[in-house]
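Summary of structural features
Below, each chain spelled out in residue letters.
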Amino acid sequence: GPRNRSYSSIKFMALSTRSTVLSLYIRVFRIARAWQAQTGAASDSEAERRYIEQEARSLFRQNQPLTDPESIRRCIEECEARIEIGLHYRNPYPRATYLPPLGLATQRGRRLRAQQRLRKQAKPVYLQSHDDT
């Protein structure tokens with residue numbers, strides 16, 4: 001009956017989510033394996049590779065018990081964002097410096113203050129897990 005159908009669609013969602021998460025996990029470890037530090041020093045590359053692997057393991061493990069689809073979706077987005085940022089900046093560490101840049105200095109007074117306040121509140125998606133660690 002209809003009850004069955006909704007169950008199977010939930011099951012399908014869970015399976016497709018599971019495969020999304022697994023492929024992200026594999027992707028992170030592939031990136032780690034090939035990772036070259038910006039400095040070009042082998043010891044830096046090694047340290048950054050280790051960091052990427054440990055960070056991935058601990059964050060994936062930390063989020064494993066999640067069942068709420070919305071939380072899971074946020075974690076997937078966070079992971080994707082960190083991959084993109086890490087690759088773009090060639091930097092595996094999460095940095096608050098990637099917050100939206102402040103507007104032009106020509107903006108004066110209230111608007112600038114409002115913007116600074118917003119900027120303080122803007123917690124980038126890829127740093128959200130760090131609240132719990």
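Residues numbered from 1 in each chain as written. Predicted model: local features only at pLDDT ≥ 70, side-chain atom pairs only at ≥ 80, totals over all residues. Heavy atoms only, no water.

A closer look at the packing of helix H2 (residues 42-63) against helix H3 (residues 69-89)
Two numbers describe how H2 lies on H3: the axes approach to 12 Å, and their chain directions differ by 170°. Our classification of the angle between H2 and H3 gives roughly antiparallel. For the pair formed by H2 and H3, the contact residues are Tyr51, Glu55, Leu59, Phe60 and Asn63 on the first element and Cys75, Cys79 and Arg82 on the second. Residues belonging to the contact of H2 with H3 are distributed by class as follows: five nonpolar, one polar and two charged. (Axes fitted to C-alpha atoms, helices over the stretch in contact; angles between N-to-C directions. Helix = DSSP H or I, 4+ residues; strand = E, 2+ residues; numbered from the N terminus. Parallel < 35°, antiparallel > 145°, perpendicular 65-115°, else oblique. Contact = heavy atoms within 4.5 Å. Nonpolar A, V, L, I, M, F, W, Y, C, P; charged D, E, K, R; others polar.)

Thoughts on the layout of surface pockets
The calculated volume of the largest pocket comes to roughly 1100 Å³. Around the largest pocket sit 40 residues that line it, and Val21, Phe60, Asn63, Cys75 and Ile76 are the ones nearest its centre. For the lining of the largest pocket, the elements supplying multiple residues, two or more each, are helix H1 (2-34), H2 and H3. Per element, the largest residue contribution to the lining of the largest pocket is 13 residues, and it comes from H1. When its residues are assigned to classes, the lining of the largest pocket shows 24 nonpolar, nine polar and seven charged. (1 Å grid on protein atoms, 1.4 Å probe; cavity = no way out; pocket = protein on both sides within 12 Å on 5 of 7 lines; lining within 4 Å. Points joined across faces, edges and corners; volume = space filled by probe spheres on them.)

Observations concerning the packing of aromatic side chains
Per the counting criterion, the structure on display carries three aromatic pairs. Look at Tyr25 and Phe29: their rings are 4.8 Å apart centre to centre, the planes differ by 55°, and that puts the pair in the tilted class. Linking Tyr25 with Phe29, this pair stays in helix H1, spanning four residues, or about one helical turn. Taking the relative accessible area as the measure of exposure, Tyr25 reaches 27% and is therefore partly exposed. (Phe/Tyr/Trp six-rings, centres within 6.5 Å; stacked < 30°, edge-to-face > 60°. Buried < 20%, exposed > 50% of the residue type's maximum accessible area, 1.4 Å probe, protein only.)

Considerations on the pattern of salt bridges
Applying the stated criterion across every chain yields a total of seven salt bridges. With a shortest N-O distance of 3.5 Å, Arg49 and Glu46 are connected by a salt bridge. One end of the pair, Arg49, and the other, Glu46, are both in helix H2, three residues apart, so they sit about a helical turn from each other. Overlapping salt bridges, with partners in common, bring together Glu70, Arg73, Arg74 and Glu77 in one network. (Salt bridge = Lys/Arg side-chain N within 4 Å of Asp/Glu carboxyl O.)

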